[in-house]
Amino acid sequence: MKLQELQTGILIIGAGPAGLAAASAALNSGKQILIADDNPVPGGQIWRGGPKKVPDTRAGIFWDRCQNALNVQWLHSARLVAFNHTHEAIFELADKVVSVRYERLILCNGGRELLLPFDGWTLPGVTGAGGLQALIKAGADVRGKRIVIAGTGPLLLAVAETAHKAGAEVLLVAEAQPFSALSRFMWQLCLHHRSKATQAISLYWSLKKIPYLSNVLIEKAVGDAQLTEVHLRRGGELMTVQADMLACGFGIIPNTEIARLLGCNVAAGVVTHDERQCTSAPHIYAAGEITGFGGVEKAIAEGHIAGLAASDQVVSQDDETKREHAQHFMHLLRETFAVSEEMRQLASDATLVCRCEDVSLAELRQHDSWRAAKLVTRAGMGACQGRICGAACQTMFGWDAPELRQPVFPCRTSTLAAIAASSLKEAK
Ligand SMILES: Cc1cc2nc3c(=O)[nH]c(=O)nc-3n(C[C@H](O)[C@H](O)[C@H](O)COP(=O)(O)OP(=O)(O)OC[C@H]3O[C@@H](n4cnc5c(N)ncnc54)[C@H](O)[C@@H]3O)c2cc1C
């Protein structure tokens, strides 16, 4: 497969709110910018489907600014799979491989759901909460489907709204946190984040016919070839709900793989940065979900600063104040929706934790590190490359993050061959 070679001043990986804000801020400098994303249209998770199709007008404004700028190039449907050396990124596209040489890099590659295993979580009909949302946004028909949404975090309500609007019968939103934590969170929102409080209350009212219960844990999903029942536990009380789908999620975890590969410092699961969003690695900046789950305002505020900093522009006091406010919300989310000891123990010995390689909790428990477990059981060696089970093991056992090697995502052998050919050319 042919390798196309491109060059740019600033490479932005991820065209979600953080990446679009970064490009929009950096383009005034006149530097060449290239923004790459593995989705066919920009927008990331929250503006999935394209910036012109979502009600949030900021998406369209960023898109128009970037589209009309002569110094912004796009690579759509382009997945970053490797780095040839620190200033050359390799992307796999449907019909080619593209290498991009850059001077500065802004990482805006977002986060993914944390999925914790429990009995029955591999049954057809059980999905991630954000996964269900993405399916619906991509056109999946859920009309008339009876859905239970469970786990923890504000995403559960957002998913309930999406499913409800798409014609599903949302039976229940089961939040694992206690009522006291949720009311403290609401109180803090009213004090410090009025618009979020209003948003949360209006969302809650728009879904008022759907029960939203606190302190509920998933016990198991039941069915033969398809989910038919969800068993839940609230204190000592067991509840059984007949359902067609169960959508669950336990928060968002940053996609730190690319940053770690480039030697950027990661602490407590997030990419660390200074006041200019610069990571511990020179000329590499980070913004949005990869520095911690904090919602769209944080992604935009950080992306804007990263774009200014990477293009040597001045960051104003106002920009910093907006980021501080958005980061305060991130800390509130982290405190309120932290994974509890009970959530870590949803799985039984027989539960398959690595669903690609069929490795059970009992098999994993015999080891004391991810590396040891992987060597003996093949956990993490399947299609997801430990992105789901590795994160689950980190949460359940406190193990280190899975080790990394290139390519960071599974890719075609022809892509590997193109990368190798380019490295050889470089070495000559
Ligand atoms: C599943 C899910 C659902 C969510 N739903 C909601 C919601 O309903 N409401 C809400 O307020 N917030 C939601 N959020 C949170 C929301 O995503 C963030 O607040 C916001 O979108 C963060 O913006 P970002 O730019 O940091 O990341 P994202 O919006 O996630 O954008 C990151 C982009 O990077 C791309 N990318 C990642 N890896 C690569 C790679 N290797 N190569 C190329 N491109 C790559 C991704 O495809 C994505 O387009 C959701 C988050 C997730 C994970």
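Computed from a predicted model, the values in this text were never measured in an experiment.

### Notes on the domain arrangement of the protein
Then, in step 1: Segmentation of the protein into domains returns domain 1 (3–112 + 253–335), domain 2 (117–249) and domain 3 (342–397).
Then, in step 2: Here the C-alpha centroids of domain 2 and domain 3 sit 25 Å apart.
Then, in step 3: Across the boundary between the two partners, domain 2 contributes 10 residues, which contact 12 residues of domain 3.
Then, in step 4: Carbon and sulfur atoms supply 65% of the area that domain 2 and domain 3 bury against each other, a total of about 1,000 Å² over both sides.
Then, in step 5: Interface area lost by domain 2 to domain 3 is led by Pro117, Trp121 and Leu217, which between them contribute 52%.
Then, in step 6: Viewed at the interface, domain 3 and domain 2 are joined by zero salt bridges.
Then, in step 7: Counting across the domain 2 and domain 3 interface gives five residue pairs in polar contact (both at pLDDT 80 or more).
Then, in step 8: Partitioning the side of domain 2 that touches domain 3 into residue classes produces six nonpolar, three polar and one charged.

### Points about the site of the ligand
Then, in step 1: Lining the immediate environment of the ligand, one finds 31 residues, of which Asp37, Asp38, Leu80, Gln133 and Glu289 sit closest.
Then, in step 2: One of the backbone N or O atoms of Glu289 is found 2.8 Å from an oxygen atom in the ligand.
Then, in step 3: Taking 980 Å² as the accessible area of the ligand by itself, protein coverage stands at 90%.
Then, in step 4: Of all the secondary structure elements, the ones that give two or more residues to the shell around the ligand are α1 (17–26), β4 (79–85), β7 (111–113), α3 (129–137), α4 (155–165) and α8 (295–310).
Then, in step 5: When residues of the shell around the ligand are assigned to their parent elements, the largest contribution, three residues, is made by α8.
Then, in step 6: The class makeup of the residues in the shell around the ligand is 14 nonpolar, 12 polar and five charged.
Then, in step 7: When residues of the shell around the ligand are assigned to domains, at least three fall in each of domain 1 (3–112 + 253–335) and domain 2 (117–249).

### Regarding the pattern of salt bridges
Then, in step 1: Within this structure, the stated rule accounts for 19 salt bridges.
Then, in step 2: Of the charged contacts in the structure, one is a salt bridge between Arg233 and Glu219, with a shortest N-O distance of 2.7 Å. A residue pair is termed long-range when its members are at least 10 positions apart, and Arg233 in strand β13 (residues 229–234) and Glu219 in strand β12 (residues 216–222) qualify at 14 residues.
Then, in step 3: For Arg233, a relative accessible area of 28% gives the class partly exposed.
Then, in step 4: Glu219 sits in the partly exposed class, given a relative accessible area of 29%.
Then, in step 5: One salt bridge connects Arg344 with Glu341, and the closest N-O pair in it is separated by 3.3 Å. Within this pair, Arg344 and its partner Glu341 are both found in helix α10 (residues 341–344), separated by three residues, close to a single helical turn.
Then, in step 6: Residue classification places Arg344 among the partly exposed residues on the basis of a relative accessible area of 26%.
Then, in step 7: Of the residues examined, Glu341 reaches a relative accessible area of 48% and is grouped as partly exposed.
Then, in step 8: When salt bridges with common partners are traced through the structure, they connect Asp56, Arg58, Lys196 and Glu297 into a single cluster.

### Comments concerning the packing of aromatic side chains
Then, in step 1: Evaluation of the coordinates by the stated rule reveals seven aromatic pairs.
Then, in step 2: With a centroid separation of 5.2 Å and 75° between ring planes, the pair formed by Phe185 and Phe337 is classed as edge-to-face. Here the residue Phe185 occupies a position in helix α5 (residues 179–192), and Phe337 occupies one in the loop between α9 (317–336) and α10, the gap between them amounting to 152 residues.
Then, in step 3: The exposure class of Phe337 is buried, given its relative accessible area of 12%.
Then, in step 4: Between Tyr204 and Trp205, the aromatic rings sit 6.4 Å apart at their centres with planes inclined by 85°, giving edge-to-face as the arrangement.
Then, in step 5: Residue classification places Trp205 among the exposed residues on the basis of a relative accessible area of 52%.
Then, in step 6: One aromatic cluster in this structure is built from Phe185, Phe329 and Phe337.

About the thresholds
- Residues numbered from 1 in each chain as written.
- Predicted model: local features only at pLDDT ≥ 70, side-chain atom pairs only at ≥ 80, totals over all residues.
- Heavy atoms only, no water.
- Domains from an automatic or database assignment.
- Contact = heavy atoms within 4.5 Å.
- Buried area = accessible area lost by both parts, 1.4 Å probe.
- Salt bridge = Lys/Arg side-chain N within 4 Å of Asp/Glu carboxyl O.
- Polar contact = N/O pair within 3.5 Å; in protein donor to acceptor, adjacent residues only side chain to side chain.
- Nonpolar A, V, L, I, M, F, W, Y, C, P; charged D, E, K, R; others polar.
- Near = heavy atom within 4 Å.
- Areas by Shrake-Rupley, 256 points an atom, 1.4 Å probe, with all protein chains shown as cover.
- Helix = DSSP H or I, 4+ residues; strand = E, 2+ residues; numbered from the N terminus.
- Buried < 20%, exposed > 50% of the residue type's maximum accessible area, 1.4 Å probe, protein only.
- Phe/Tyr/Trp six-rings, centres within 6.5 Å; stacked < 30°, edge-to-face > 60°.

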